[in-house]
Amino acid sequence: MSTSTATLTAEEATRQSLATGTAGAALLHIEKALTGSAGWGSAHAHIRKVVAGPIDAGAHAGLYYGAPAIGFLLHAASVAGRSRYRSAATALDASVLRLAHRRLAAAVARMERGESAAFGEYDLFYGLTGIGALLLRRMPGSDTLADILCYLIRLSRPRDEDGLELPGWWVDHDPDPILPTPGGHTNFGVAHGAAGLLALLGLAASRGCVVDGQREAIKDLCAWFDRWQQHSPEGPWWPQWVTREELRTGRLACTSPVRPSWCYGAVGISRALQLAGIATGDPRRRMAAEDAMAACLTDRQLDRITEAGLCHGMAGVYQTAYRAALDAHNPAIGQRLPAVAEALTRQAAAQHCKTGQHSKTAQDGRAGQSGLLTGDAGVALALETMRQSTPPRSGWDACLLIT
């Protein structure tokens, strides 16, 4: 297996994308083979398709694309003692470590210049948080993971800009091209913001991967969420992001809850806060997070989720709530899981009818509808968890930073 930073064709890039491409579909077939709901033949075929040709280990590779994504996939396939996949995953480790070192050096240099970060530097999908999530699974005792944790601790500290105290993960760009935030914004979500930093720091601490300042950084990030927590009859909620003007005035332009999704909403944030409470041994923090999670799972809240996918939809709500329930002292989360499962089943059926080709796209691994984040593969993986009533055998949902 070779790695490459050369320009790839669109087809070559698509096959190594967990988010939208063949790698995401392959993860589904691996999980089904591990649970026994399908044979290994289809999984082998999908893995061969993913690793055929050059693998991108360029500066833009991350957990959801390129060498780290394929390393995550092969590690998932190796959990059942499949030695050929374990060897292949090990062969990619050196490329992932080199990538991490380059990305860390660039991030530190950016900090020294006093410039703002960007999603691609630190986030879960393509940044150092995602690479850290992979290393926590693959090389939890590595110096490189420790360096990433140190970077995240530094990133969690505020910096002064023209007399305004900005969070360290502040970005100058918009969260989305169609959602302008003049002057930049600070993001709250698991995918691109503070909840992702908090989840990785908490998960690492719970597994004994601790560096100086880590527990303090966890508490500081929790304090950030405390500062911006809003209240409603449906339960606590947080904004998706805060603009420069909102940060200056302390008042939000948004006055009503956003949908309780994994990527940006209260479901993902509540899980990150629960993980923080577990990591720091803070029962009040843990219980408050579990109460917030349970509040996300009422029928009224679930009605606000209008799609099936992992990122924005019901599959992400179910998978996150399922993981939270396994750790919860509050039984309400587990008691609400059947209702979430029913809602997921309805949303999955609606997606099936809308596309008219669920089986075909899940089999051929094409981009778009077959992808992990918003497509059929992610929905099917959450449904597999629901049917098996056990944690995923492949550990695929580690890429969501919920376990």
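Here the structure is a predicted model, which is why all the values come from computation and not from measurement.

A. Structural detail: the layout of surface pockets. One number sums up the size of the largest pocket: a volume of about 270 Å³. Along the wall of the largest pocket there are 15 residues; nearest its centre are Pro175, Asp176, His192, Tyr264 and His312. Classifying every residue of the lining of the largest pocket gives 9 nonpolar, 4 polar and 2 charged.

B. Here's a closer look at the environment of glycine 268. Positionally, glycine 268 belongs in helix 12 (residues 266–280). When the C-alpha atoms of glycine 268 and alanine 195 are compared, they prove to be 7.3 Å apart, with 73 residues separating the residues in sequence. Residues within four places of glycine 268 in sequence aside, it is in contact with Val190, Ser261 and Trp262.

C. Structural context of the environment of tryptophan 262. Position of tryptophan 262 among the secondary structure elements: in the loop between helix 11 (244–249) and helix 12. Look at tryptophan 262 and you get buried, because its relative accessible area is 0%. Each C-alpha atom of the pair tryptophan 262 and isoleucine 402 lies 9.3 Å from the other, and the pair is 140 residues apart in sequence. Within the local environment of tryptophan 262, its side chain forms a polar contact with the backbone oxygen of leucine 400, the two atoms lying 3.0 Å apart.

D. Molecular detail of the pattern of salt bridges. In the structure shown here, the tally under the stated rule is 16 salt bridges. A salt bridge links arginine 138 to aspartate 93; its shortest N-O distance comes to 2.6 Å. In this pair, arginine 138 is assigned in helix 7 (residues 128–138) and aspartate 93 in helix 5 (residues 83–112), connecting sequence segments 45 residues apart. There is no split in this pair, since arginine 138 and aspartate 93 are both buried. Among the ionic contacts, a cluster of salt bridges with common partners joins Arg159, Glu161 and Arg244.

Calculation rules
Residues numbered from 1 in each chain as written. Predicted model: local features only at pLDDT ≥ 70, side-chain atom pairs only at ≥ 80, totals over all residues. Heavy atoms only, no water. 1 Å grid on protein atoms, 1.4 Å probe; cavity = no way out; pocket = protein on both sides within 12 Å on 5 of 7 lines; lining within 4 Å. Points joined across faces, edges and corners; volume = space filled by probe spheres on them. Nonpolar A, V, L, I, M, F, W, Y, C, P; charged D, E, K, R; others polar. Helix = DSSP H or I, 4+ residues; strand = E, 2+ residues; numbered from the N terminus. Contact = heavy atoms within 4.5 Å. Buried < 20%, exposed > 50% of the residue type's maximum accessible area, 1.4 Å probe, protein only. Polar contact = N/O pair within 3.5 Å; in protein donor to acceptor, adjacent residues only side chain to side chain. Salt bridge = Lys/Arg side-chain N within 4 Å of Asp/Glu carboxyl O.

Remember, this is a structural readout, not a statement about activity or role.
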